[in-house]
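Given next are the chains, with one letter for each unit.
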Amino acid sequence: MRTPIIAGNWKMNLLAEEGKELVKEIWKNIPGLSGVDVVVCPPFVDIPSVASAINEKGMSIELGAQNMHWEESGAYTGEVSPLMLKDLGVKYVIIGHSERRQFFGETDQGVNRKVKSALAHELIPIMCVGESLEEREAGQTEEVITGQVKRGMFELSAEKASNVVIAYEPIWAIGTGKSATAEDAEKVISGIRKTVLELFDKGCSEKVRIQYGGSVTPENIVDFMAMKDIDGSLVGGASLKADSFSEILRRV
Ligand code: PGA
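Residues numbered from 1 in each chain as written. Predicted model: local features only at pLDDT ≥ 70, side-chain atom pairs only at ≥ 80, totals over all residues. Heavy atoms only, no water.

**Student:** Which residues make up the overall build of the chain, and what values do they have?
**Tutor:** Looking only at helices and strands, the chain features twelve helices and eight strands. Here the C-alpha radius of gyration of the chain, 17 Å, is about what a compact globule of 252 residues would show, namely 18 Å. Along the three orthogonal principal directions, the C-alpha set of the chain runs to about 45 × 45 × 35 Å. Burial analysis of the chain (252 residues in total) assigns 53% to the buried set. In the chain, which carries 28 positive and 37 negative side-chain charges, the distance between the mean positions of the two groups comes to 2 Å. (Helix = DSSP H or I, 4+ residues; strand = E, 2+ residues; numbered from the N terminus. Rg over C-alpha atoms; globule rule 2.2 N^0.38 Å. Buried < 20%, exposed > 50% of the residue type's maximum accessible area, 1.4 Å probe, protein only. Lys, Arg positive; Asp, Glu negative; His and termini not counted. Charge placed at Lys NZ, Arg CZ, Asp CG, Glu CD.)

**Student:** Describe the packing of helix 1 (residues 16-29) against helix 12 (residues 242-251), listing the residues and the values that go with them.
**Tutor:** Following both chains from N to C, one finds helix 1 and helix 12 inclined at 40°, their axes separated by 9 Å at the closest point. The orientation of helix 1 with respect to helix 12, classified from their angle, is oblique. Between helix 1 and helix 12 the crossing geometry is right-handed. Where helix 1 approaches helix 12, its residues Leu22, Glu25, Ile26 and Asn29 are matched on the opposing element by Ala242, Asp243, Phe245, Ser246, Leu249 and Arg250. Here the residues of the contact of helix 1 with helix 12 are counted per class, giving five nonpolar, two polar and three charged. (Axes fitted to C-alpha atoms, helices over the stretch in contact; angles between N-to-C directions. Parallel < 35°, antiparallel > 145°, perpendicular 65-115°, else oblique. Left-handed = near helix turned anticlockwise from the far one by under 90°. Contact = heavy atoms within 4.5 Å. Nonpolar A, V, L, I, M, F, W, Y, C, P; charged D, E, K, R; others polar.)

**Student:** Account for the nonpolar core, with residues named and values stated.
**Tutor:** In this structure, Leu85, Met153, Ile166, Ile192 and Tyr212 are the most contacted members of the largest nonpolar core, which totals 64 residues. The element contributing the most residues to this core is helix 9 (residues 182-199), with six residues. Ranked by size, the runner-up nonpolar core spans twelve residues in total, among them Ala7, Tyr92, Ile124 and Cys128. (Core = buried A, V, L, I, M, F, W, Y, C linked by side-chain atoms within 4.5 Å.)

**Student:** So what about the pattern of salt bridges? Which residues, and what values?
**Tutor:** As enumerated under the stated definition, the model contains 19 salt bridges in all. In this structure, arginine 100 and glutamate 106 form a salt bridge, with 2.9 Å as the shortest nitrogen-oxygen distance. Using a relative accessible area of 21% as the deciding quantity, one classes arginine 100 as partly exposed. Measuring nitrogen to oxygen at the nearest pair gives 2.7 Å for the salt bridge that ties arginine 151 to aspartate 108. Here arginine 151, found in helix 7 (residues 141-152), pairs with aspartate 108, found in helix 5 (residues 108-120); they are 43 residues apart in sequence, far enough to count as distant. (Salt bridge = Lys/Arg side-chain N within 4 Å of Asp/Glu carboxyl O.)

**Student:** Lay out the site of the ligand in plain terms, naming residues and giving numbers.
**Tutor:** Looking at the ligand, there are 13 residues lining it, with Lys11, His97, Glu169, Gly175 and Ser215 nearest. Taking histidine 97, its side chain carries an N or O atom lying 2.7 Å from an oxygen atom of the ligand. A distance of 2.7 Å separates an oxygen atom of the ligand from a polar atom in the backbone of serine 215. In terms of residue class, the shell around the ligand is made up of four nonpolar, seven polar and two charged. (Near = heavy atom within 4 Å. Polar contact = N/O pair within 3.5 Å; in protein donor to acceptor, adjacent residues only side chain to side chain.)

**Student:** Provide a residue-level description of the environment of isoleucine 95, including the pertinent values.
**Tutor:** Structurally, the position occupied by isoleucine 95 is in strand 4 (residues 92-95). Taking the C-alpha atoms as reference, isoleucine 95 lies 16 Å from methionine 84; in sequence the two are eleven residues apart. Isoleucine 95 has contacts with Met68, Val111, Lys114, Val115, Pro125, Ile126, Met127 and Cys128, leaving out every residue within four places of it along the chain.

**Student:** Explain the sheet that holds strand 5 (residues 124-129) to me, using residue names and the numbers behind them.
**Tutor:** Strand order in the closed barrel made by the eight strands is 1-2-3-4-5-6-7-8, with parallel pairing throughout. Averaged over all pairs of adjacent strands, the angle between strand axes in this sheet comes to 25°, irrespective of strand direction. Relative to strand 4, strand 3 (residues 62-65) is paired through two bridges, and the arrangement is parallel. When the bridges of strand 4 are listed, alanine 65 appears paired with valine 93. (Pairing = 2+ DSSP bridges.)

**Student:** Explain the side chain of glutamate 186 residue by residue, including any values.
**Tutor:** Positionally, glutamate 186 belongs in helix 9. It turns out glutamate 186 is buried and unbridged, and the closest side chain with the opposite charge, lysine 228, is 4.7 Å from it. Those residues within four positions of glutamate 186 in sequence are excluded, and the remaining contacts are Met227, Lys228, Asp229 and Ile230.

**Student:** Can you lay out the side chain of aspartate 46 for me, pointing to particular residues and giving the numbers?
**Tutor:** Here aspartate 46 lies in the loop between strand 2 (37-41) and helix 2 (47-57). Of the side chains with opposite charge, lysine 20 comes closest to the buried, unpaired aspartate 46, at an N-O distance of 12 Å. The residues touching aspartate 46, leaving out its near neighbours within four places in the chain, are Asn13, Leu14, Leu15 and Ala16.

Shown next as structure tokens:
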């Protein structure tokens, strides 16, 4: 049995104090929640204050980062290393979000380096893949996603690979209010599981958790969760409000 995982990707939103208030509100709304891994991914500079709120109240909410460099330290102006994240109590890290690929030139090769580095530092990578609208309309979805998964997970051992969380996020569904249908998402996600089986082994393909992301709300989360291969969600917009994020958690 795979434990569902819901991760809130705050993107470049909320000041440190606002982030702290948000986790407190979320926690207030979900007393006794179990059976789902809950992760919030604040901007780097908010992490210490959110961490202090989590620790103060002993919340079972884990911290994630939205990106990291693959090296431990060095002359990489503006970057943050896996050691720095570990030092703040971060457990998860989003790698290769489509916004990083689109606006910051991230490639599958860079994603692979970061995934390997995260695993080497015992951080759990949430590796994002997704097709553009043009690719979908050209019937290339399967080819694009398979390629991203293969290159992103290149040279991992089956043991390491089974710890990766994969987030399938069609680019056209992100922040648009136009989510994929649960059936369409399941089709792609079961294909991702098949690719993982081909790359590694059955144990790994059964263990790896695969999320759907893109305009997930309290209204549509249940449809996604009803699918056999969908193990949770990477939530953007709806993770910025305590009410909608905690309602998603409750419904999961
Ligand atoms: P959204 O974003 O839920 O606002 O569509 C999802 C994401 O980018 O991870």
